[in-house]
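Chain by chain, the residues run as shown.
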Amino acid sequence: MSDVWPTELRVSKDRHHLIVTFDNGASFDLPAEMLRVLSPSAEVQGHGPGQKVTVPGKRNVGIMSMTPTGNYAVRIGFDDMHDTGIFTWSYLRELGEKGGALFAAYEAELKEKGLSRDPSGRPH
């Protein structure tokens, strides 16, 4: 079980950010792009060690839906039709606290693989 509980989950008007506020007062503004490319889904994380996928071209992705999953998580649906990621409260908290470093590592992976955040997925 999670030891952190959200008191609010709010999608920004432009649908490009999820604002999460926790019961201890911590609040995080999580970009939709970061949520999409770091999704806990098997499609992104793979089905075993070494199978993680680097997802390019999601700079402009938006949040389309959020569906509660039990008392521990939310399923986020994105406008690129990806909707299999179940984000636990603990994972949302982790993304809030460490998201900058995790996203920087993602950007380094893109560069290493000759990919881009832009919708074409290819560098300029």
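Residues numbered from 1 in each chain as written. Predicted model: local features only at pLDDT ≥ 70, side-chain atom pairs only at ≥ 80, totals over all residues. Heavy atoms only, no water.

With respect to the UniProt feature "domain: Gamma-butyrobetaine hydroxylase-like N-terminal" (unreviewed entry) in the protein
Here the UniProt-annotated "domain: Gamma-butyrobetaine hydroxylase-like N-terminal" (unreviewed entry) positions come out as residues 10–93. Overall, residues 10–93 shows 18% helix and 36% strand. The separation of its end C-alpha atoms is 14 Å. (UniProt positions renumbered as here; feature names shortened; annotations may be inferred. Helix = DSSP H or I, 4+ residues; strand = E, 2+ residues; numbered from the N terminus.)

Here's the deal with the sheet that holds strand S5 (residues 73–78)
Taken together, three strands build an open sheet; the order of strands is S4-S5-S6 and the sheet is antiparallel. Only two strands of the sheet have a single neighbouring strand rather than two, namely strand S4 (63–69) and strand S6 (85–88). This sheet shows a mean twist of 30 degrees between the axes of neighbouring strands, independent of strand direction. Both S5 and S6 contribute to a ladder of four bridges, which runs antiparallel. Bridged to Ala-73 within S6 is Thr-88. Contacts between helix H3 (residues 89–112) and the sheet are confined to S5 and S6, with S6 contributing the most and set at about 80 degrees to the helix. (Pairing = 2+ DSSP bridges. Axes fitted to C-alpha atoms, helices over the stretch in contact; angles between N-to-C directions. Contact = heavy atoms within 4.5 Å.)

Comments concerning unusual backbone geometry
In this model, Arg-15 sits at a positive phi of 65 degrees, which is unusual for a non-glycine residue. Look at Arg-15 and you get partly exposed, because its relative accessible area is 37%. The residue Met-81 is not glycine, and still its phi comes out positive at about 80 degrees. Relative to the assigned elements, Met-81 resides in the loop between S5 and S6. For Met-81, a relative accessible area of 59% puts it in the exposed group. (Buried < 20%, exposed > 50% of the residue type's maximum accessible area, 1.4 Å probe, protein only.)

What about the packing of aromatic side chains?
All chains considered together, the criterion is met by three aromatic pairs. Between the aromatic rings of Phe-22 and Phe-28, the centroid separation amounts to 6.1 Å while the plane-to-plane angle is 65 degrees, which identifies the pairing as edge-to-face. On the accessibility criterion, Phe-22 (2% relative accessible area) is buried. The buried category is assigned to Phe-28, whose relative accessible area is 15%. In this arrangement the basic side chain of Arg-93 is found over the ring face of Phe-22, its NZ or CZ atom lying 5.6 Å from the centre. (Phe/Tyr/Trp six-rings, centres within 6.5 Å; stacked < 30°, edge-to-face > 60°. Lys NZ or Arg CZ within 6 Å of the ring centre and 35° of its normal.)

Notes on the pattern of salt bridges
Counted according to the given criterion, the structure contains seven salt bridges. With its nearest N and O atoms 3.3 Å apart, the salt bridge here joins Arg-10 to Glu-8. In this structure, Asp-118 engages Arg-59 in a salt bridge whose closest nitrogen and oxygen atoms are separated by 2.7 Å. Of this pair, Asp-118 sits in the segment after H3 while Arg-59 sits in the loop between helix H2 (42–45) and S4; the two residues are 59 residues apart in sequence, bridging distant segments of the chain. Classification of Arg-59 by relative accessible area gives partly exposed; the value is 35%. Within this structure, Glu-33, Glu-107 and Arg-117 form a network of salt bridges that share partners. (Salt bridge = Lys/Arg side-chain N within 4 Å of Asp/Glu carboxyl O.)

Considering the side chain of Lys-58
With respect to the secondary-structure elements, Lys-58 resides in the loop between H2 and S4. Residue Lys-58 is classed as buried on the basis of its relative accessible area, which comes to 16%. Residue contacts for Lys-58: discarding those within four places in its chain leaves Glu-33, Arg-36, Val-37, Asp-80 and Arg-117.

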